[in-house]
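Examination of the molecular architecture
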Amino acid sequence: DVDGVTLSERTDSGLSSARRLTIELSQGDFRVQPAKPGEPLRFEADFDEGRFDLVSTHKVISPGRERFEFSFKRKRGGIFGILDEILGPQSHNQLRLYLPADEPMALDLELLQGNGELELGGLPIEKLEYDAGMGNFELSFSEPNPLPMSAMLIRQDKGNFELDGLGNAAASKIDIRCSQG
């Protein structure tokens, strides 16, 4: 269970007290946004429980460094899963992830497959690494980052990518590489 995770501090790699979060998202529609001040990292999901399972894991890698993984897995595999996808009702598996709005963080987003809107405006992000495999994603900063961001590294392999409010990220270094889409 991810709700109520205790917040940690990190003091290495020049990120003074930032909590390093790696978040992997796959096989769904994802919305990432700031939580209300004082709220911990949490998530909510809407999905077809008869056809899918939501698999979520949380691992503490080291003090101040954590990994969260969220994916929707089809309950039926093989030919039955394929037929269900083609002939069954359309599924809209959605996960909303709320990030702490009042805690410095270094954020690694690993978006393997899916679609999503990632609203990071107003979050205290010291470093952002965004790596998307296949899908359509929109990354936006509607409000200024309250901290200077040392680097924003973006990789998008296949699909569409939109970036809005780039100036609000307050990044001193920006590296964006997109291949197909």
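Data block above holds the structure.
None of the values given here were measured: they were computed from a predicted structure. Going along each chain's sequence as written, the residues are numbered from 1 onward. Thresholds applied to this predicted model are a pLDDT of at least 70 for local features of residues and 80 or more for the giving and counting of side-chain atom pairs; totals over whole chains, interfaces and linings are not thresholded and use all residues. Excluding hydrogens and water, the side-chain values take into account all heavy atoms of the structure.

Glancing now at the packing of aromatic side chains. Two rings belonging to Phe, Tyr or Trp (six-membered ring only in the last case) form a pair when the distance between their centres is within 6.5 Å. Interplanar angles under 30 degrees mark stacking, angles over 60 mark edge-to-face geometry, and anything in between is tilted. Inspection of the entire model under this criterion finds four aromatic pairs. Centre to centre, the rings of F43 and F70 are 4.9 Å apart; their planes meet at 65°, and the pair counts as edge-to-face. A residue pair is termed long-range when its members are at least 10 positions apart, and F43 in strand β2 (residues 42-46) and F70 in strand β4 (residues 65-74) qualify at 27 residues. On the basis of relative accessibility, which here comes to 19%, the residue F43 falls in the buried class. Taken together, the ring pairs in this structure connect F30, F47 and F72 into an aromatic cluster. Above the plane of the ring of Y98 lies R42, whose end atom (NZ or CZ) is 4.0 Å from the centre. Working definition: helices are DSSP H or I runs of at least four residues, strands are E runs of at least two. Numbering for both runs from the N terminus. Here the term buried applies to any residue with accessible area under 20% of the maximum for its type, exposed to any over 50%, and partly exposed to those in between, with areas from a 1.4 Å probe on protein chains only. We call a charge positioned above a ring when the Lys NZ or Arg CZ atom is no farther than 6 Å from the ring centre and deviates by at most 35 degrees from the ring normal.

What follows covers the pattern of salt bridges. We define a salt bridge as a side-chain nitrogen of Lys or Arg found within 4 Å of a carboxyl oxygen belonging to Asp or Glu. In the structure shown here, the tally under the stated rule is 17 salt bridges. Notably, a salt bridge pairs E24 with R67, separated by 2.6 Å at the nearest N-O pair. Of this pair, E24 sits in strand β1 (residues 19-34) while R67 is found in strand β4, placing the two residues 43 residues apart along the sequence. A salt bridge links R31 to E117, with the nearest nitrogen and oxygen atoms 3.9 Å apart. With a gap of 86 residues between them, R31 in strand β1 and E117 in strand β6 (residues 105-119) connect regions that are remote in the sequence. Through salt bridges with shared partners, one network takes in E39, R42, E44, D46 and R96.

A word on the nonpolar core. By size, the foremost hydrophobic cluster in this structure holds 33 residues, and its most contacted members are L99, L107, L120, L128 and Y130. If you list the elements that add at least two residues to this core, you get β1, β4, β5 (94-99), β6, β7 (125-140) and β8 (151-158). Tallying contributions element by element places β7 first for this core, with six residues. Working rule for contacts: check all heavy atoms of both residues, and any pair within 4.5 Å makes them a contact. Setting aside residues no more than four positions away along its own chain, L107 makes contact with L21, I23, L99, L120, I125, K127, L128 and E129. Only buried Ala, Val, Leu, Ile, Met, Phe, Trp, Tyr and Cys residues count toward a nonpolar core, and they belong to the same one when joined by side-chain atoms within 4.5 Å.

Don't take any of this as a statement about function, it's just geometry.
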